[in-house]
Amino acid sequence: MSYDFNKIKIANRNSLTYFNRLKEEHTEALQKLKSSLFEVHVRMEEISKTQNIYALNTDYRKNIFSPLHVENDETKKENEAKAEYDALKEKQDLLERKIDGEQIQIKSLLTRCNQLLEAEKQIQLLKETQTQQDEEMNNLRKKEFDDNAFEFVDDEENSKKFEEVQKEHIQKIEMLHLFDQTYLSSILNQQVRGPIDQDMHKLEIIKEILVSDPIQAKLMLEDVRSSGQAISHALLDQLEKMDFFLEDKDSLHQTLENFLNQMKNEHLVDINQKIPDQLPDMDFIKILYIYRLLKIFFDNIYQHTLSKKIDFICSEQNHSIEFSIEDYGKGIEDSAKEKSKWYSGLHRADEIIFILQGRLSIENTGHGTRVRFSVPVK
C-alpha cells in the first residue's frame, strides 16, 4: 500500500507555518510588553527622584495658632507622586507576569516548530524508503532464478523486508505521535489559552469598574464564570481522549466490564458478551492498548456500520488473549483501510497491534463485520 506523501508534507508544512506565525505574533507582543515595562521603569525612577526632592523640601512645622498640621503644596505633590508610583508598581508587576507568560508560550511554540521540522525529515525518509521498496519488489518480479538460488534470495529478501517493515511501523508510530501532539496543542491554544487570555483581560476591566459600575462588573464576572466552565469541559474532553480516567489498579477483566457497560449506556446498543471469570494478570500498558483498540473498533461500529447488536467474546488460548467483535450492520468495504486517512482508527489499530506483537484480522461476514485480534499475555 502506498501513501500520498505530498499531502502529508503539505499538512505538516501548513502546521509549521501556523506555529511559526503564532510564534512571531507572541514575539512581537513580548517586545511591546518589554517596551512598556521599560517606560514604566523610567517613569518610576523619575518619580523616585522627585519624591526625594519633596522629602527634603517638606515643611513639617505647625502653625502656632493651630495644633493641626498644615499641608502645604509640597506635601500634596509628594502624596500625588506616591500614588502614581504605587499605580506604576502595580502595572510593573502585571507586565512582568505577562512577559513571563509570553516567554513560556514562545518556548513551547519553538519546540513545536522544531518537532515539525524533524517530522518533515522523517516524512522524506519514509518516502524514499517506500520508493526503494517498490523498486525492489518490481525488480524481484522481473528476475528469474533457479529453485535453489530463488530459495536463497527469498530468505534474504524476507529478512530484509522484515527489517524494512519494522522501520516503517516505527516511523508511522512517530508520525501519529507527532500528529496527536500537534492536534492537542492546537485545541489547547484555541479552547484553553485563548479564552484564559480573554478572561484575564475581562478581570482587569472588572477591577477598574467594580466601584463605578457594579452591575456591569457582575455581568462580566458571569461571562468569566461561563468561560471557565467551557474551558473545564474542553480539558475534560481531552483528558477522556487520552484515557486519563482509566484506573491502573483495575484488572483486564474489570476494564472490559467497565468499557462494555459504558458502551451500553452511551449508545443504547445490545451487547452479547462472553468474558471468562478469570483472566491472566497483564501489565497496565498492555491493558491500556487493548482498551484503545476496543475504542477504535466500537467507534467504527457506531459511526459506520450502524449496528444495534454486537457479539463480544474474550478468551485465553495458547498464552494469548483472544478477542472477537462481531456486529450486524452494513459491513466494511475491503478497501476501507486504503481509502481512510493515514491517521484514522484502522491505521492506528495496525500500529498498536505491532507494538503488542499481536495479530489482527477484519472481515466482512455478509451480515456485518467481524474483528478478531490477539495479544500475548507476556
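Everything discussed here concerns the structure shown above.
**Some points on the overall build of the protein**
Scanning the protein from N- to C-terminus turns up eight helices and five strands. Tracing the protein from N to C terminus, the helices and strands come up as α-α-α-α-α-β-α-β-β-α-α-β-β. Within the protein, the proportion of its 378 residues that are buried is 34%. Considering only contacts in the protein between residues 6 or more positions apart, those separated by 24 or more positions represent 72%.

**Details of the packing of helix α5 (residues 252-267) against helix α6 (residues 284-305)**
Across the interface, α5 lies against α6 with an axial gap of 11 Å and an inter-helix angle of 20 degrees. By the criterion of interaxial angle, the relationship of α5 to α6 is roughly parallel. In this structure, the crossing between α5 and α6 has a hand that is right-handed. Residues Leu252, Thr255, Leu256, Phe259, Leu260, Gln262, Met263 and His267 of α5 lie in contact with α6, whose contacting residues are Ile287, Ile290, Tyr291, Leu294, Lys295, Phe298 and Tyr302. The class makeup of the residues in the contact of α5 with α6 is eleven nonpolar, three polar and one charged.

**So, unusual backbone geometry**
Comment: phi is negative for the bulk of residues other than glycine, and the bulk of peptide bonds are trans. If you check the backbone angles, Leu306 has positive phi at about 60 degrees while not being a glycine. Tracing the backbone through its elements, the reader meets Leu306 in the loop between α6 and β2 (309-317). One non-glycine residue, Asn318, lies in the positive phi region at around 50 degrees. Checked against the element boundaries, Asn318 lands in the loop between β2 and β3 (320-327).

**Description of the sheet that holds β2**
Judged by pairing direction, the sheet is mixed, and its five strands sit side by side in the order β1-β2-β3-β5-β4 without closing on themselves. Looking at the sheet topology across the chains shown, the edges are occupied by β1 (270-274) and β4 (359-364). Strand-to-strand twist of the sheet, defined as the mean angle between neighbouring strand axes without regard to direction, takes the value 10 degrees. The pairing of β3 with strand β5 (residues 369-376) spans seven bridges and is classified as antiparallel. Bridge assignment links Ile321 to a residue of β5, and that residue is Val375.

So, how was this worked out
- Residues numbered from 1 in each chain as written.
- Predicted model: local features only at pLDDT ≥ 70, side-chain atom pairs only at ≥ 80, totals over all residues.
- Heavy atoms only, no water.
- Helix = DSSP H or I, 4+ residues; strand = E, 2+ residues; numbered from the N terminus.
- Buried < 20%, exposed > 50% of the residue type's maximum accessible area, 1.4 Å probe, protein only.
- Contact = heavy atoms within 4.5 Å.
- Axes fitted to C-alpha atoms, helices over the stretch in contact; angles between N-to-C directions.
- Parallel < 35°, antiparallel > 145°, perpendicular 65-115°, else oblique.
- Left-handed = near helix turned anticlockwise from the far one by under 90°.
- Nonpolar A, V, L, I, M, F, W, Y, C, P; charged D, E, K, R; others polar.
- Pairing = 2+ DSSP bridges.

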